[in-house]
Amino acid sequence: MSEKTTQLRESFVSALSAVDNMEALEAIRVEYLGKKGLVTELLKDMKNLSPEEKKTFGQAVNVLKEEVTEMVAGKREEIKQAEIERENNLMPEFDISAPANLDRGSYHPITLVQRQCEEIFRSMGFAVEDYSEIVTDYECFEALNIPKNHPARDMQDTYYLENGQLLKSHTSAAQNAIYKKYKDALINESKPIKAIFPGRCFRNEATDACHENTFFQMEGVMVDKNISISNLIFFMKTMLSEVFQKDIKVRLRPGFFPFVEPGFELDISCLICGGEGCASCKHSGWLELCPCGMIHPEVLRAGGIDPEEYTGFAFGLGLTRLAMMKYGVKDIRDLNSGSLKVLSQFTDDK
Ligand code: DAH
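What you see is a predicted model, and the numbers here were worked out from it, not measured in a lab.

Focus on the pairing of strand S6 (residues 250-254)
Right, on to step 1. The pairing of S6 with strand S7 (residues 260-269) spans 5 bridges and is classified as antiparallel. Looking across to S7, one finds that Pro 254 is bridged to Phe 264.
Right, on to step 2. In this structure, the hairpin formed by S6 and S7 is closed by a connection of 5 residues.

Right, dumping it as structure tokens:
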């Protein structure tokens, strides 16, 4: 009878040697050790044996059972180790104790300035809105009181798509959508509209050190009852003093933009000489920074707001220009150059 156990052990050992995964191991375990497995089946032959033979055979089967169980456990461990090794080989080498890679990318100077402005305006209760770069002619011009064939369009030649839409030439293109989004809360809940919307703008320009076909602006609007130019001056002065970390004087000069009335050019006291007059400010003591004005009644009306009841201000801050002033960038083309040598200089200023 012990021949049978020996044979079964041999057949098990050879079957086990071909096993290399958990599923196959489980199958062979059930085949030998399961309730109706080959080892258990051996015991059925015992009934025809003498008591003496039963004892020896029973012991032999038990020993076999233990051996098979042990071999299954050994194989399971072996497969597990092999799997771990395989996974380790698949993983890229990663050393958790290695020092940080200081050659990683850095924030673009425009991103830095934009985030800073967003933070400041948020703290003054303004919502920060995003808007698409592709807009309709209505949004970019008509809703801003610039009808077809108006000469003001000449200043903002941009790129047109075949379907008549265009790449926005200024962030003012989002004004109409912003008014429509917030007008109900303004009218029904007396919540003033306070929003800024930074964005990329495009113009069909010949590029030089001061002109780019792609640049960034940040538009801001505030609409409520009794909004006046004083509100505009207050918010601009506060924001600019924060950005430049010093008290900034501002002045308004008349400027023409069809979507504001009156319209202004906002100048700031020269950052270099503080207003004394130097080469940077052409000895005037002032730097031109941000066009702005009181929103034109037609523009409010196009946004669904009654200009008899509400007034507001708008400004179009040149973020690209602001970044150039803040970081002393001399050539606007550097900003779109993708040159890490230039752009990575601004990393430490978050
Ligand atoms: N959208 C104008 C431009 O890009 C800038 C501008 C002027 C925006 C006056 C305004 C504004 O909101 O009030 O030339």
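Some remarks on the site of the ligand
Right, on to step 1. Near the ligand there are 16 residues, and of these His 170, Ser 172, Arg 203, Gln 217 and Glu 219 occur at the shortest range.
Right, on to step 2. Ser 172 is positioned with one of its side-chain polar atoms (N or O) 2.8 Å from a nitrogen atom of the ligand.
Right, on to step 3. Here the ligand has 350 Å² of accessible area as a free molecule, and 94% of this is covered by the chains.
Right, on to step 4. Broken down by secondary-structure element, the contributors of at least two residues to the shell around the ligand are strand S5 (214-224), strand S8 (286-295) and strand S9 (311-318).

Focus on the packing of helix H5 (residues 109-123) against helix H10 (residues 319-327)
Right, on to step 1. For the pair H5 and H10, interaxial distance at closest approach is 9 Å and the crossing angle is 105°. Relative to H10, the element H5 is oriented roughly perpendicular. Contacts between H5 and H10 involve Pro 109, Ile 110, Leu 112, Val 113, Gln 114, Gln 116 and Cys 117 from the former and Leu 319, Thr 320, Leu 322, Ala 323, Lys 326 and Tyr 327 from the latter.
Right, on to step 2. Looking at the contact of H5 with H10, its residues break down into 9 nonpolar, 3 polar and 1 charged.

Focus: a negative patch on the surface
Right, on to step 1. Together, Asp 154, Asp 157, Glu 205 and Asp 208 give the surface a local cluster of negative charge.
Right, on to step 2. Along the chain, Asp 157 falls in the loop between helix H6 (137-140) and strand S3 (166-167).

So, H5
Right, on to step 1. Taking 1.5 Å as the rise per residue, H5 with 15 residues should run 21 Å; its terminal C-alpha atoms sit 21 Å apart, in good agreement.
Right, on to step 2. Residues Pro 109, Ile 110, Leu 112, Val 113, Gln 114, Cys 117, Glu 118, Ile 120 and Phe 121 constitute the buried set of H5.
Right, on to step 3. Just past H5, the residue Gly 125 takes up positive phi, approximately 90°.

Here is what the cut-offs are and how they apply
Every chain is numbered independently, its residues counted from 1 as its sequence is written. Per-residue local features are limited, in this predicted model, to residues with pLDDT of at least 70; the limit for side-chain atom pairs, both in listing and counting, is 80 or more; totals at the level of whole chains, interfaces and linings are taken over all residues. In computing side-chain values, all of the structure's heavy atoms are included and hydrogens and water are not. Two strands qualify as a pair provided that DSSP identifies no fewer than 2 bridges between them. Only DSSP runs of H or I covering at least 4 residues are called helices, and only runs of E covering at least 2 are called strands; the numbering of each starts at the N terminus. Distances are taken per atom, and a residue is near a molecule or strand as soon as one of its heavy atoms is within 4 Å of it. Two N or O atoms form a polar contact when they lie within 3.5 Å of each other; inside protein one atom must be a possible hydrogen donor and the other a possible acceptor, and for residues adjacent in sequence the pair counts only when both atoms belong to side chains. Method for areas: the Shrake-Rupley scheme with a 1.4 Å probe, in which residue coverage is limited to the protein chains shown. Angular values range over 0 to 180 degrees, each being the angle between N-to-C directions of two axes fitted as lines to C-alpha atoms, with helices fitted over their stretch in contact. Relative orientations are named as follows: roughly parallel for angles under 35 degrees, roughly antiparallel for angles over 145 degrees, roughly perpendicular for angles from 65 to 115 degrees, and oblique for any other angle. Residue contacts are counted whenever heavy atoms from the two residues lie within 4.5 Å of one another. Gly is placed with the polar residues, together with every amino acid not listed as nonpolar (Ala, Val, Leu, Ile, Met, Phe, Trp, Tyr, Cys and Pro) or charged (Asp, Glu, Lys and Arg). A patch consists of residues whose relative accessible area exceeds 30% and which take part in no salt bridge; residues with like charges are grouped when within 9 Å of each other, and nonpolar side chains (Val, Leu, Ile, Met, Phe, Trp, Tyr) when within 5 Å. A pair is scored as a salt bridge if a Lys or Arg side-chain nitrogen falls within 4 Å of a carboxyl oxygen belonging to Asp or Glu. Counted as positive: Lys and Arg. Counted as negative: Asp and Glu, with His and the chain ends omitted from the count. For the purpose of locating charges, the reference atoms are NZ of Lys, CZ of Arg, CG of Asp and CD of Glu. Under the convention used throughout, the expected extent of a helix is 1.5 Å for every residue step, that is, one less than its residue count. When accessible area is computed with a 1.4 Å probe and restricted to protein chains, residues below 20% of their type maximum are described as buried, those above 50% as exposed, and intermediate ones as partly exposed.

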